[in-house]
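A closer look at the structure
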Amino acid sequence: MENQKKIDKLIIPRLQNMQPYVPIYPPDIMAEKFGVSEDDIVKLDGNENMFGPSPKVSQALSEFKDYNIYPDPLQEKLRESIANYAGTTPDRVIAGAGSDEIIDLLIRLFIQPGDKICQPVPTFAMYSTFTELVGGETISVSMDENFEITEDSILSAINNGVKIVFLTSPNNPTGRLIDKNFVSKILQKDVLVIVDEAYYEFSGKTCIDLIDDYSNLVILRTFSKWAGLAGMRIGYGIMNPSLVSHLLIIKPPYNISVAAEIAVKASLDDLELLLERVEIIKNEREWMFDRLSEIPFMEPIPSDANFILTKIVNLESVELYNRLLSKGILVRYYENELLKNYLRISIGSREQNQKLLDFIKQ
Ligand SMILES: Cc1ncc(COP(=O)(O)O)c(C=O)c1O
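Residues numbered from 1 in each chain as written. Predicted model: local features only at pLDDT ≥ 70, side-chain atom pairs only at ≥ 80, totals over all residues. Heavy atoms only, no water.

Next up on the list: the packing of aromatic side chains. Both the distance between ring centres and the angle between the ring planes are used here to describe each pair of aromatic rings. Counted according to the given criterion, the structure contains 10 aromatic pairs. Relative to Tyr342, the ring of Phe147 lies with its centre 5.3 Å away and its plane at 70°, an arrangement referred to as edge-to-face. Of the two residues, Phe147 sits in the loop between strand S4 (137–142) and helix H8 (151–159) while Tyr342 sits in strand S13 (residues 342–346), which places them 195 residues apart along the sequence. Linked through ring pairs, Tyr85, Phe223, Trp226 and Tyr236 together constitute an aromatic cluster. (Phe/Tyr/Trp six-rings, centres within 6.5 Å; stacked < 30°, edge-to-face > 60°. Helix = DSSP H or I, 4+ residues; strand = E, 2+ residues; numbered from the N terminus.)

What follows deals with the site of the ligand. In the vicinity of the ligand, 14 residues are found, and the nearest of them are Ser99, Asp196, Tyr199, Thr222 and Ser224. Between an oxygen atom of the ligand and a main-chain N or O atom of Asp100, the distance comes to 3.1 Å. Here Thr222 contributes a side-chain N or O atom positioned 2.6 Å from an oxygen atom of the ligand. Contact with the protein chains removes 93% of the 400 Å² of surface that the ligand exposes when unbound. Classifying every residue of the shell around the ligand by side-chain character gives four nonpolar, six polar and four charged. (Near = heavy atom within 4 Å. Polar contact = N/O pair within 3.5 Å; in protein donor to acceptor, adjacent residues only side chain to side chain. Areas by Shrake-Rupley, 256 points an atom, 1.4 Å probe, with all protein chains shown as cover. Nonpolar A, V, L, I, M, F, W, Y, C, P; charged D, E, K, R; others polar.)

The strand order S2-S8-S7-S6-S5-S3-S4 describes an open sheet built from seven strands, whose pairing is mixed. Because the sheet does not close on itself, it has two edges, and the strands there are strand S2 (93–96) and S4. Going from strand to strand, the sheet's axes swing by 25° on average, the running direction of each strand aside. By the bridge criterion, five bridges tie strand S5 (residues 162–168) to strand S6 (residues 192–196) in an arrangement that is parallel. Paired with Phe166 across the strands is Ile194, a residue of S6. (Pairing = 2+ DSSP bridges. Axes fitted to C-alpha atoms, helices over the stretch in contact; angles between N-to-C directions.)

Another aspect to go through is the pairing of S6. For S6, the buried fraction is high: five of the five residues fall into the buried class. Viewed along the sheet, the connection from S5 through helix H9 (residues 180–187) into S6 turns out right-handed. Bridge count for S6 against strand S7 (residues 217–222) is four bridges, and the pairing is parallel. Looking at S7, one finds that Ile194 is bridged to Val218. (Buried < 20%, exposed > 50% of the residue type's maximum accessible area, 1.4 Å probe, protein only. Right-handed = clockwise from strand over helix to strand, strands pointing away.)

Here four strands make up an open sheet; going across it, the order is S9-S10-S13-S12 and the pairing antiparallel. Strands with a single pairing partner mark the edges of an open sheet, and in this sheet they are strand S9 (298–300) and strand S12 (332–333).

Attention now goes to the domain arrangement of the chain. Segmenting the chain into domains produces domain 1 (2–52 + 272–361) and domain 2 (55–270). Look at where the C-alpha atoms of domain 1 and domain 2 centre, and you get two points 22 Å apart. Between domain 1 and domain 2, the residue contacts involve 31 residues of the former and 32 residues of the latter. Considering only the surface of domain 1 that becomes buried against domain 2, Tyr21, Leu274 and Asp304 emerge as the three largest contributors, covering 23% of it. Summed over the shared surface of domain 1 and domain 2, the number is 11 residue pairs in polar contact (both at pLDDT 80 or more). Listed by contribution, the elements that provide at least two residues to the side of domain 1 that touches domain 2 are helix H2 (13–16), helix H13 (271–293), strand S10 (307–312) and S13. In terms of residue class, the side of domain 1 that touches domain 2 is built from 17 nonpolar, six polar and eight charged. (Domains from an automatic or database assignment. Contact = heavy atoms within 4.5 Å. Buried area = accessible area lost by both parts, 1.4 Å probe.)

For the coordinates displayed, the defined rule picks out zero disulfides. Free of any disulfide, Cys118 has its nearest neighbouring cysteine sulfur in Cys207, separated by 16 Å. (Disulfide = S-S within 2.5 Å.)

Between Val121 and Pro122 the backbone carries a cis peptide bond, its omega angle lying at 10°. Tracing the sequence through the fold places Pro122 in the loop between strand S3 (116–121) and helix H7 (126–133). Note the cis peptide between Ser169 and Pro170, where omega equals -5°. Note that Pro170 resides in the loop between S5 and H9. Non-glycine residue Asn47 carries a positive phi angle of around 50°. Mapped onto the elements of the fold, Asn47 is located in the loop between strand S1 (42–43) and helix H4 (55–63).

In this structure, Asp152 sits in helix H8. Asp152 sits in the exposed class, given a relative accessible area of 62%. Between the alpha carbons of Asp152 and Thr222 there is a distance of 30 Å; along the sequence they are 70 residues apart.

Attention now moves to the pattern of salt bridges. Throughout the structure, instances matching the rule amount to 18 salt bridges. A salt bridge links Glu48 to Lys43; the nearest nitrogen and oxygen atoms lie 2.9 Å apart. The exposure class of Lys43 is buried, given its relative accessible area of 16%. A salt bridge links Asp91 to Arg92; the shortest N-O distance between them is 4.0 Å. With a relative accessible area of 37%, Asp91 lands in the partly exposed category. Via salt bridges that share partners, Lys43, Asp45 and Glu48 belong to a single interconnected network. (Salt bridge = Lys/Arg side-chain N within 4 Å of Asp/Glu carboxyl O.)

This is the structure in structure tokens:
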């Protein structure tokens, strides 16, 4: 105990009581925790891809032999493949261990204790988590009751000395798109604008065409969702080449594993199949939206991503969440005030979606 206190005293005071990001857990861990078989777990809580990766991924991984050699710290071939896919040039691309890592690196490059970031909420929690980690402050601007961004509030936050604005499109957890005219408007200001397009492939809407005109714009994308590579941890940012150079200097030298690099190449070699799957997920999303709309205590929000946020009315969302959990059906429940009457449901296979609906209707 004395020893523990000794070490605790050395931890940076602001990090001693930091609240953890509420993560999701893999099916085997959940199965064990709830005493159900792993096969019975219906995992609709992580916006993952129910199809899994392209079959070419496991083939390429098993054929590769040189896992004993470190990956290329400059990610040259990888950045070239990603640039070709995204329709940009390699000098504008940097890859991270998930887009999470690019968020972390950007915050570390721009934010020091006392600096501010701004985000419309509700949104993805990692922007504020990484900001807290470096001693920055997050200005959270609430969206209106329809989850529309209140543009004037964001603009006034910017005028109060914010350094980074995070805009997520489609937004997690609402599934709503950002208005591109608004993005253009705030790009005129002296702030870094990070447009997180983690779910881009499910919406087809992007701000990437603004990259050449604005050195203060970053687009974030990932292979976690559309390409089914969440477990591989591979995402990327598209931005001005000088910003890429700075990030290449501060990133851990071998941040992308050889396995992740192989998985990206194999996925991009199987683009047709992966994009067909995206179309299936989009169709399934519309099917699910219609079914959820028929349930008297649910008010789903139209989504451009691979999940649907739904309001739960005349019932505690936590109660429904726990009932689903007891059957091994995992959806995302939020403990925060803004989302206390909501659940987020990832789009699964028809069988998984049907299982959820059957249980809810009981
Ligand atoms: C909006 C948003 N950005 C970034 C991420 C992180 O994705 P990655 O798996 O690439 O780290 C997620 C993951 O859920 C997300 O929802």
